[in-house]
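The chain contents come next:
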Amino acid sequence: LSLSITPTSASSTILVFAVVNGAGTTAVSDMTVQLLRNSTAIGNGAAAGSRSVAFGQLNASSSNIFPGAITFLDSPATTSATTYKIQGKLQTGTGSFYINRGATDSDNVGYARVSSQITAIEVLP
């Protein structure tokens, strides 16, 4: 997920909302997500030991679809085009994680296809 916004004032803040829907195949395929401004991660938790650093984590204890939400107020201090994107990675590096569908994707009414989204709104000073 990504989008670009061009602030009209360097004093503006950008309010970013995102929802990522996905599912993993096993309990070891949880996915961490982070928000990036251009190529820089923003809003992540604090580093501690060997723990992963991310904005949030989507649970994959079953093949059910779980949502992950991000809300962040950013101060990019620019009037240049700024790209916001969501980046995800497997927590343990094993298993599989699927976006916008369940881990089981049979052609059956019991399995859904969903959507994810990202929205950025300029907040003028």
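Refer to the structure above for everything that follows.
In this report, we go over the structure that sits alongside the text. Being a predicted model, the structure only gives us computed values, none of them experimental.

Calculation criteria
- Residues numbered from 1 in each chain as written.
- Predicted model: local features only at pLDDT ≥ 70, side-chain atom pairs only at ≥ 80, totals over all residues.
- Heavy atoms only, no water.
- Phe/Tyr/Trp six-rings, centres within 6.5 Å; stacked < 30°, edge-to-face > 60°.
- Lys NZ or Arg CZ within 6 Å of the ring centre and 35° of its normal.
- Buried < 20%, exposed > 50% of the residue type's maximum accessible area, 1.4 Å probe, protein only.
- Core = buried A, V, L, I, M, F, W, Y, C linked by side-chain atoms within 4.5 Å.
- Helix = DSSP H or I, 4+ residues; strand = E, 2+ residues; numbered from the N terminus.
- Contact = heavy atoms within 4.5 Å.
- Salt bridge = Lys/Arg side-chain N within 4 Å of Asp/Glu carboxyl O.
- Pairing = 2+ DSSP bridges.

Once that is clear, we can look at the packing of aromatic side chains. Any aromatic ring pair is given by two values, namely how distant the centres are and how the planes are angled relative to each other. Here the structure, examined in full by the defined rule, presents one aromatic pair. Over the ring of Tyr98 we find Arg101, and its NZ or CZ is 4.0 Å from the ring centre.

This part is about unusual backbone geometry. With a phi close to 55°, Asn38 is a non-glycine residue in the positive phi region. Phi is positive for Ala77, close to 55°, though the residue is something other than glycine. Taking relative accessible area as the criterion, Ala77 reaches 57% and is therefore assigned exposed.

Moving on: the nonpolar core. Val16, Leu35, Tyr84 and Ile86 are the most contacted members of the largest nonpolar core, which has 16 residues in total. Sorting the residues of this core by element identifies β2 (13-24), β3 (31-37), β7 (82-90) and β9 (117-123) as the ones contributing at least two each. The greatest single-element share of this core, amounting to four residues, is contributed by β2. Each residue touching Ile86, except ones within four places of it in the same chain, is listed here: Leu1, Ala18, Val20, Val33, Gln34, Leu35, Ile70 and Ile118.

Before going further, it helps to examine the pattern of salt bridges. Enumeration over the complete set of coordinates arrives at three salt bridges. Asp74 serves as the salt-bridge partner of Arg37, at 2.7 Å between the closest nitrogen and oxygen. Taken together, the residues Arg37 in strand β3 and Asp74 in strand β6 (residues 66-74) connect sequence positions 37 residues apart. Taking relative accessible area as the criterion, Asp74 reaches 4% and is therefore assigned buried. One salt-bridge network, held together by shared partners, links Arg101, Asp105 and Arg113.

Structurally, the position occupied by Thr32 is in strand β3. With relative accessibility at 6%, the residue Thr32 sits in the buried group. Those residues in contact with Thr32 that lie beyond four places of it in its chain are Ala54, Gly56, Gln57, Gln87, Gly88, Lys89 and Gln91.

The next thing to look at is the environment of Leu15. Its place among the elements puts Leu15 in strand β2. Judged by its relative accessible area of 22%, Leu15 is partly exposed. Other than its neighbours up to four places away in sequence, Leu15 contacts Thr71, Phe72, Leu73, Thr119, Ala120, Ile121 and Val123.

Once that is clear, we can look at the environment of Val19. Of note, Val19 is situated in strand β2. Separated by 51 residues in sequence, Val19 and Ile70 have C-alpha atoms that sit 6.4 Å apart. Excluding anything up to four places from it in sequence, Val19 contacts Leu1, Pro67, Gly68, Ser116 and Gln117.

This part covers the pairing of β3. Counting buried positions over the seven residues of β3 gives six, a clear majority of the element. Here β3 runs beside strand β5 (residues 56-58); their pairing, made up of three bridges, is antiparallel. The residue of β5 that forms the bridge with Val33 is Gly56. For β3 and strand β4 (residues 40-42), the ladder comprises three bridges, and the chain directions are antiparallel. Note on β4: the bridge partner recorded for Leu36 is Ala41. Hairpin connection, β3 to β4: the antiparallel pair is bridged by two residues, and Asn38 has positive phi, about 55°.

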